[in-house]
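Architecture and fold: a report
Chain by chain, the residues run as shown.
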Amino acid sequence: MGKLALNGGEKVRTELFPAYRVIGKEEEEAVVGVLRSGILSKYLGCWADDFYGGPQVQQLEKEWAKYFGAKHAISVNSATSALYCAVGAVGIEPGDQIIVSPYTMCASATAPLIYNAVPVFADIEYDYYCLDPEDIERKISDKTKAIIVVDILGQPYDADRINAIAKKYGLYIIEDNAQGPLASYRGKYAGTLGDIGIFSLNYHKHIHCGEGGVLVTDDDVLAERLRLIRNHAEAVVEKKGVTDLNNMFGFNFRMTEIEAAIAREQLKKLEWLVKERRKNVAYLEENLKDLHFLTMPKVREGCEHSYYIHALKYDETKTGVTREKFVEAMQAELMPIELRETEGVKINLGYMQPLYHQPIFQNRIAYGNTEYPFSGNVTYGKGCCPVCERVCAAETIVHELMRPFMTKADLDDVIDAFHKVADHLDELR
C-alpha cells in the first residue's frame, strides 16, 4: 500500500459503511396496525383499568419477560427513565450513597441524584471494564444502599462476586444492561442477574424503537413500585391502597403504543443481530491478531459478550506512536457510517472519560448553587479510580465497524486500514 491517507496518500475506503438498518417491513406493518386501531396510547394517570397502558405495551411486557426468563417486565420511554424508576423503587432516601461506575453513560451515575442520594465511584476491572468487586467493597459505607452495575460494551458484570458483596451488606443491585442484550453469565441472561435489570431501546442500541427502555425483576413488590413511579404514583396510591409512600411521587415515563409495536418486532430479530456481531468480531480479531501492539477484548470466563462496541487496548511502547496519532491515521483511511455521517469515522480514542471529571461532580453542584446533595466525605478527585483513568487516558481504542450489515468486504477494509497504518508507523513517528 502507498503512503498514509493522513499524509496525502489514497484512502483504503472511499464509500460510506452500510447503515445499521434494523427497521423493516414488519415494523412498518405493526405501526400501520396501531394507527388503524386509533389507540396511540391508553395510559391513564390514575387508578383505573388503563393505568398499565394499552394492548401493545402490555403485550410487549409479557413477551419481554418470557424471552429473558423474568417474572416481570415494565416498559418505559428510555433506559434513563428506567434507571430513575429503579433507584426510586428500591427506596433510596436523601443522603444515601449508591456505588456507580465511572466508565459508562452518565445517566448510570447521575440517577442517584434524582432522589437526592450521592453517587460513589468504584473503579473498573482492567480486563473487562465492569465494576471491580474489590473496589466496590472498599467504597461501601454505612450510608451505602445500592450498587448500579453496568454490563459495559456488552460484557456482563462479575455477578457471583458482586452479588455476594451485596448480600453481605444488604444492598440492592440495579443492573444497567442497556448495552448487553443476550450477553450471558454462566447460562443466565445479563439484565436478570441483579434485583432490577434495565434494557435500552434507544436508536443506536442492538434493537430499538427510536427511544424506549424495559425493566425486569422477579420481585413482585419492586415490580409494582416501578409501575407506580412510571405513571404518576402520587395520583394513584390512595385508591390503590399503597401505604409505603417512600418515593411514591411519579413521572410520565410511559411508552407509546407505536414504540411498543416496533419493539415487539425488534425483539424477534435480536438473536440474529447479536449472532452477527459475534461473528464479525471473531473475523476481525482473527485477522488482527498479528498486530502485536493491540490486545483484543477479553470475555469473562463462563460468559458471552454481545459487543455493543469493540474495545481494543493499544500499547504505545510497542509502536513509538501515540494512541491519538494512530487513531487519527485510521480515521483518515476509512469513512463514516451511512445515516451517521456527521459523527465522523466510528473509531475513537475511547468510549468515555471518567464520569467524575464532569463539571457536575468537579463542582459538586446539582440542585441550586450549593453542594447539595453531595456529602463532604465523598470525593471526585484525580486518582479516585486509577484503572479507569489509565485506560481512558492512554490505552483504549473503540470502534463500531463490526455491526450487522457489514459485509466481509467491509470488514476487510477495516482490517486493511489497521495493517496499512501498522506498516507505516515510521511516517507517524
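What comes next is a walk through the structure. Note that the coordinates shown come from a computational prediction; the quantities given were computed from them, not determined experimentally.

**Some thoughts on the overall build of the chain**
In terms of regular secondary structure, the chain is built from 15 helices and 14 strands. Taken against the 2.2 N^0.38 rule, which gives 22 Å for 429 residues, the C-alpha radius of gyration of the chain at 23 Å falls within 12% of a compact globule. The principal-axis extents of the C-alpha atoms in the chain amount to approximately 75 × 55 × 40 Å. Burial analysis of the chain (429 residues in total) assigns 57% to the buried set. For the chain, the proportion of contacts with a sequence separation of at least 24, taken over those separated by at least 6, is 72%. Summed over its atoms, the accessible surface of the chain is roughly 17,700 Å², and 51% of this surface lies on carbon and sulfur atoms. Taking the 49 positively charged and 63 negatively charged side chains of the chain as two groups, their mean positions are separated by 2 Å.

**Quick word on helix α11 (residues 323-333)**
Taken as a whole, α11 has its buried residues at Arg 323, Phe 326, Val 327, Ala 329, Met 330, Ala 332 and Glu 333. Next to the buried residues of α11 lie β12 (310-314), β13 (347-348), α13 (386-395), β14 (396-399), α14 (408-423) and α15 (425-428).

**Description of the environment of Asp 151**
Mapped onto the elements of the fold, Asp 151 is located in the loop between β4 (144-150) and α6 (159-169). Asp 151 sits in the buried class, given a relative accessible area of 0%. Other than its neighbours up to four places away in sequence, Asp 151 contacts Pro 156, Tyr 157, Glu 175, Asp 176, Asn 177, Gln 179, Gly 180, Ala 190 and Gly 191.

**Some points on the sheet that holds strand β5 (residues 172-176)**
As summarised here, the arrangement of the 7 strands in space is β1-β9-β8-β5-β4-β2-β3, forming an open sheet in which the pairing is mixed. Each edge of the open sheet carries a strand with a single partner, namely β1 (72-76) and β3 (118-121). When strand polarity is set aside, the average angle formed by the axes of neighbouring strands in this sheet is 25°. Note that strand β2 (residues 97-100) and β4 share 3 bridges and pair parallel. Counterpart to Gln 97 in the pairing with β4 is Thr 144. Along the sheet face, helix α2 (residues 55-68) touches β1, β8 (196-200) and β9 (213-217) and points at about 130° away from the line of β1.

**Details of the pairing of β1**
A regular strand carries its side chains on alternate faces of the sheet. With 5 of 5 residues buried, β1 is to be regarded as a mostly interior element. With burial as the criterion, each face of β1 is covered, one bearing His 72, Ile 74 and Val 76 and the other bearing Ala 73 and Ser 75. Bridge count between β1 and β9: 5 bridges; the pairing is antiparallel. Pairing of Val 76 across the sheet is with Gly 213, part of β9.

**Some details on the sheet that holds strand β6 (residues 184-185)**
Strands sit in the order β7-β6-β11 across an open sheet of 3 strands; the sheet is antiparallel. Each of the sheet's edge strands pairs with one partner strand only, and the pair in question is β7 (188-189) and β11 (303-304). Summarising the sheet, β6 and β7 pair through 2 bridges and their orientation is antiparallel. Bridge pairing in β7 links Tyr 185 to Lys 188.

**Concerning the state of the cysteines**
The final tally for this structure, using the stated rule, is 0 disulfides. Free of any disulfide, Cys 384 has its nearest cysteine sulfur in Cys 385, 3.8 Å distant. With no disulfide partner, Cys 392 has as its closest neighbouring cysteine sulfur the one in Cys 388, 3.9 Å distant.

**Here we look at unusual backbone geometry**
Each neighbour pair has its own omega, and for Tyr 372 with Pro 373 the value is 5°, a cis peptide bond. Checked against the element boundaries, Pro 373 lands in the loop between α12 (359-362) and α13. One non-glycine residue, His 232, adopts positive backbone phi at about 55°. Within the secondary structure, His 232 is located in the loop between α7 (220-230) and α8 (237-240).

Each value, and the rule that gives it
Residues numbered from 1 in each chain as written. Predicted model: local features only at pLDDT ≥ 70, side-chain atom pairs only at ≥ 80, totals over all residues. Heavy atoms only, no water. Helix = DSSP H or I, 4+ residues; strand = E, 2+ residues; numbered from the N terminus. Rg over C-alpha atoms; globule rule 2.2 N^0.38 Å. Buried < 20%, exposed > 50% of the residue type's maximum accessible area, 1.4 Å probe, protein only. Contact = heavy atoms within 4.5 Å. Areas by Shrake-Rupley, 256 points an atom, 1.4 Å probe, with all protein chains shown as cover. Lys, Arg positive; Asp, Glu negative; His and termini not counted. Charge placed at Lys NZ, Arg CZ, Asp CG, Glu CD. Pairing = 2+ DSSP bridges. Axes fitted to C-alpha atoms, helices over the stretch in contact; angles between N-to-C directions. Disulfide = S-S within 2.5 Å.

Scope: geometric values only; no functional claims are made or implied.
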